[in-house]
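Listed below, chain by chain, are the residues.
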Amino acid sequence: AVVSTQSTGCVCIPEFLSLYETERLIQKLTALDIDTHNVVVNQVMYPDRGPDGCAACGLCGSRTKMQKKYLDQIADLYEDFHVVKMPLMPVEVKGVPMLQRFGKFLQAPPDMSSLSIHDLVKDL
């Protein structure tokens, strides 16, 4: 038997169609004996919070609630996978400094429980 040390990763966003298509892709790749134990969930919202702890923006609160449902499904479906949640950035990810910062988040995602999304880019 040949043992491969390479793994394929899938990228999705926390929405219905993306999760559905990601699951189909993982099933197809698995059927072809292609290792797919890495999932990157992109554009995860971490809204600023008001004094009451709720999202400061109504739209942000609604989107966060919707995303939570799919993030919970991703956690259940891929509990044995390496899942990385990448935040929706307040600026476009382009240019070397921003790409380097975003790349670091892939290796060590920021702890968003004590940060504002704006903290991630304030020095760039």
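Residues numbered from 1 in each chain as written. Predicted model: local features only at pLDDT ≥ 70, side-chain atom pairs only at ≥ 80, totals over all residues. Heavy atoms only, no water.

Examining the confidence of the model for the protein chain
On average, the protein chain scores 88 in pLDDT, and the residues at 70 or more come to 94%. Taken element by element, the predicted model of the protein chain shows its lowest mean pLDDT in helix α3 (residues 96-107) (90) and its highest in helix α1 (residues 16-31) (95). (pLDDT = per-residue confidence, 0-100. Helix = DSSP H or I, 4+ residues; strand = E, 2+ residues; numbered from the N terminus.)

So, the packing of aromatic side chains
What the rule picks out here adds up to 2 aromatic pairs. Seen in terms of ring centroids, Phe16 and Tyr20 are 6.1 Å apart; in terms of plane orientation they differ by 15°. Their pairing is stacked. Of this pair, Phe16 and Tyr20 both sit in helix α1, 4 residues apart, which is roughly one turn of that helix. Judged by its relative accessible area of 53%, Phe16 is exposed. (Phe/Tyr/Trp six-rings, centres within 6.5 Å; stacked < 30°, edge-to-face > 60°. Buried < 20%, exposed > 50% of the residue type's maximum accessible area, 1.4 Å probe, protein only.)

Quick notes on the pairing of strand β2 (residues 38-44)
Relative to β2, strand β1 (residues 9-12) runs parallel, the two being bridged by 4 bridges. Bridge assignment links Gly9 to a residue of β2, and that residue is Asn38. As a crossover connection, the stretch from β1 through α1 into β2 is right-handed. The pairing of β2 with strand β3 (residues 82-87) spans 5 bridges and is parallel. (Pairing = 2+ DSSP bridges. Right-handed = clockwise from strand over helix to strand, strands pointing away.)

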